[in-house]
Amino acid sequence: MKGTQPPEKRAVTMLHIDDDQVIVATGDGRQPSRAIVLALGSVRTSRELFHHDPPTPLEMENAITATENEVIRARAIIDAHSELMTNAASIKQIARFAGLSDPGQRILSIRLIERAFESLAAVTLGRPASIERVPAGTAFAAALLILREFMHHLQFTEIILAE
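Residues numbered from 1 in each chain as written. Predicted model: local features only at pLDDT ≥ 70, side-chain atom pairs only at ≥ 80, totals over all residues. Heavy atoms only, no water.

## What about the pairing of strand β6 (residues 158-161)?
Side chains on a regular strand alternate between the two faces of the sheet.
Inference 1: Inspection of the sheet shows strand β4 (residues 83-86) paired to β6 by two bridges, in the parallel sense. Along β6, the bridge assignment pairs Met85 with Ile160.
Inference 2: Across three bridges, strand β5 (residues 107-109) lies against β6 in antiparallel orientation. Bridge pairing in β6 links Leu108 to Ile159. (Pairing = 2+ DSSP bridges. Helix = DSSP H or I, 4+ residues; strand = E, 2+ residues; numbered from the N terminus.)

## Topic: unusual backbone geometry
Inference 1: In this chain, Asp53 is followed by Pro54 through a cis amide linkage whose omega measures 5 degrees.
Inference 2: Topologically, Pro54 is positioned in the loop between α1 (42-49) and α2 (57-71).
Inference 3: Non-glycine residue Gln155 carries a positive phi angle of around 60 degrees.
Inference 4: Classification of Gln155 as exposed rests on a relative accessible area of 71%. (Buried < 20%, exposed > 50% of the residue type's maximum accessible area, 1.4 Å probe, protein only.)

## Concerning the side chain of Ser42
Inference 1: By the secondary structure assignment, Ser42 is in helix α1.
Inference 2: In this view, Ser42 contacts Ile17, Asp18, Asp19, Ala139, Ala142, Ala143 and Ile146; residues no more than four positions away in its chain are not counted. (Contact = heavy atoms within 4.5 Å.)

## Considerations on the sheet that holds strand β3 (residues 34-38)
Inference 1: The mixed open sheet is built from six strands, whose spatial order is β3-β2-β1-β4-β6-β5. Looking along the sheet, the strands with just one partner apiece sit at the ends: β3 and β5. Between one strand axis and the next, the sheet turns by 25 degrees as a mean value, whatever way the strands run.
Inference 2: Packed onto the sheet, helix α4 (residues 110-124) meets β5 and β6 and runs at close to 60 degrees relative to β5. (Axes fitted to C-alpha atoms, helices over the stretch in contact; angles between N-to-C directions.)

## Things to note about the nonpolar core
Inference 1: Leu15, Val24, Leu108, Leu147 and Phe150 are the most contacted members of the largest nonpolar core, which totals 45 residues.
Inference 2: Sort the elements by how many residues they give to this core and helix α6 (residues 138-153) lands first, with 10 residues.
Inference 3: Dropping the residues within four chain positions of it, Leu15 is found in contact with Val22, Ile23, Val24, Leu84, Met85, Thr86, Ala88, Ile91, Leu147, Phe150 and Ile159. (Core = buried A, V, L, I, M, F, W, Y, C linked by side-chain atoms within 4.5 Å.)

## Looking at the pattern of salt bridges
Inference 1: Per the stated rule, a full pass over the model turns up seven salt bridges.
Inference 2: In this structure, Asp20 engages Arg47 in a salt bridge whose closest nitrogen and oxygen atoms are separated by 3.8 Å. Pair noted here: Asp20 is in the loop between β1 (11-17) and β2 (22-28) and Arg47 is in helix α1, with a separation of 27 residues, a long-range link.
Inference 3: Its relative accessible area of 42% is what places Asp20 among the partly exposed residues.
Inference 4: Arg47 sits in the exposed class, given a relative accessible area of 51%.
Inference 5: Residues Glu70 and Arg73 are paired through a salt bridge, measuring 2.3 Å at the closest nitrogen-oxygen approach.
Inference 6: Residue classification places Glu70 among the buried positions, given a relative accessible area of 15%.
Inference 7: We classify Arg73 as partly exposed; its relative accessible area is 39%.
Inference 8: Taken together, the shared-partner salt bridges connect Glu114, Arg148 and Glu149 into one network. (Salt bridge = Lys/Arg side-chain N within 4 Å of Asp/Glu carboxyl O.)

Next comes the structure, spelled out in structure tokens:
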């Protein structure tokens with residue numbers, strides 16, 4: 001048709017937090033053009049940096065620093081206007097904890113992630129996990145920390161939960 005423009009390709013960044021690694025792939029369209037594997041992971045990070053359940057405040061601070069240092073490596077491959085997406089089960093668990101219980105809700109904001117992280121921080125300071133409803137285990141704490149630091153340092157305001 002005359003005057004019809006092809007649809008714009010949008011930059012998409014896929015984030016996958018696995019047990020032993022974080023995979024970041026980015027590009028236009030369906031095929032990623034760039035990818036990086038970060039030396040992080042929910043189980044790996046909790047095993048290497050958390051020695052208590054829940055982690056102590058000092059363990060959390062050390063984990064934040066280590067995570068920041070690794071996450072920042074992904075900056076080199078990410079388009080500044082990219083949409084962040086995931087289909088990772090670990091991030092979907094975080095979304096449920098953060099308040100996205102309706103299957104139709106697919107966007108998790110940094111605001112909700114920060115609120116979830118504040119609940120985790122309260123538990124590390126001694127508040128009972130049952131009051132904050134924080135899932136048991138340090139792997140959840142590590143995944144939440146990784147997601148928070150990734151979004152914060154790479155300036156994503158939301159993550160879309162893919163089917």
